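A closer look at the structure
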Amino acid sequence: MRKTKQREVILRVLGTHMDHPSADIIYEEVRKHLPKISLGTVYRNLELMSEAGSIMKLETGGSVKRFDPVVSPHPHFRCIKCGAIEDVPYDEKNVLFSGNTDNWAHGRVIQKLNIEYTGLCANCNGNSPS
Ligand SMILES: [Zn+2]
Ligand SMILES: [Zn+2]
């Protein structure tokens, strides 16, 4: 099996998930297209692809690594009850910089941003007994 083919399928599957899936969830779907692929292979590819910058591995809390097809730096919200991870709407300029920091930004490239909000998602908040 060609490695580029594996990565194409993994990238395509991840691209349809905006909910930051774990390797297990990606594997379950990749397997439908490539029945012979193993979880280890999917995992290795995800690691290599995130090192290469074609996908993003989230540095969020929680025990399972999660992956994101969106590689531009953006903040996340993690539900402490169900583990859902959502993108937080933000203004790129404001979340990265405060005030006039154009001088500071000059010559630098920001590659990663680790902002994680935690709390209860709308679902869990609505369902929690009160
Ligand atoms: Zn939740
Ligand atoms: Zn995201």
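Examining the confidence of the model for the protein
Averaged over every residue, the pLDDT of the protein is 87; residues scoring 70 or more account for 88%. When pLDDT is averaged over each element of the protein, helix H2 (residues 23-33) comes out on top at 97 and helix H4 (residues 92-96) at the bottom at 62.

A few points about the nonpolar core
In globular proteins that are soluble, nonpolar side chains generally tend to be buried together. Of all hydrophobic cores here, the largest spans 15 residues; its most connected members are Ile10, Ile26, Val30, Val42, Leu46 and Phe67. The set of elements that each furnish at least two residues to this core consists of helix H1 (3-15), H2 and helix H3 (39-52). Each residue touching Val30, except ones within four places of it in the same chain, is listed here: Val9, Ile10, Val13, Ile37 and Val42.

Remarks on the packing of H1 against H2
Direction vectors running N to C along H1 and H2 enclose 125 degrees, while the axes themselves pass 9 Å from each other. With respect to H2, the axis of H1 lies oblique. Both H1 and H2 take part in a crossing whose hand is right-handed. Residues Val9, Ile10, Val13 and Leu14 of H1 form the contact with H2, whose participating residues are Ile26, Glu29, Val30 and His33.

Observations regarding the coordination of the zinc ion (ligand 1)
Coordination angles at a metal have ideal targets, namely 109.5 degrees for four tetrahedral donors and 90 or 180 degrees for six octahedral donors. Listed as protein donors to the zinc ion (ligand 1) are Cys79 (SG), Cys82 (SG), Cys121 (SG) and Cys124 (SG); their distances from the metal cover 2.3 Å. Here the zinc ion (ligand 1) is ringed by four donor atoms whose angles at the metal span 106 to 115 degrees, and the overall shape comes out tetrahedral. A relative accessible area of 47% places Cys82 in the partly exposed class.

Remarks on the coordination of the zinc ion (ligand 2)
Within the protein, the zinc ion (ligand 2) binds to His20 (NE2), Asp68 (OD), His74 (NE2), His76 (NE2) and Asp87 (OD); these donor distances fall in the range 2.0 to 2.2 Å. Sequence positions of the residues that donate to the zinc ion (ligand 2) give the spacing H-x47-D-x5-H-x1-H-x10-D. Of the two residues, Asp68 and His74, both sit in the buried class.

Cut-off values and rules
Residues numbered from 1 in each chain as written. Chains lettered and ligands numbered in written order. Predicted model: local features only at pLDDT ≥ 70, side-chain atom pairs only at ≥ 80, totals over all residues. Heavy atoms only, no water. pLDDT = per-residue confidence, 0-100. Helix = DSSP H or I, 4+ residues; strand = E, 2+ residues; numbered from the N terminus. Core = buried A, V, L, I, M, F, W, Y, C linked by side-chain atoms within 4.5 Å. Buried < 20%, exposed > 50% of the residue type's maximum accessible area, 1.4 Å probe, protein only. Contact = heavy atoms within 4.5 Å. Axes fitted to C-alpha atoms, helices over the stretch in contact; angles between N-to-C directions. Parallel < 35°, antiparallel > 145°, perpendicular 65-115°, else oblique. Left-handed = near helix turned anticlockwise from the far one by under 90°. Donors = N, O, S within 2.8 Å, 3.2 Å for Na, K, Ca; no water. Tetrahedral: all angles 85-135°; square planar, octahedral: opposite > 155°, others 65-115°.

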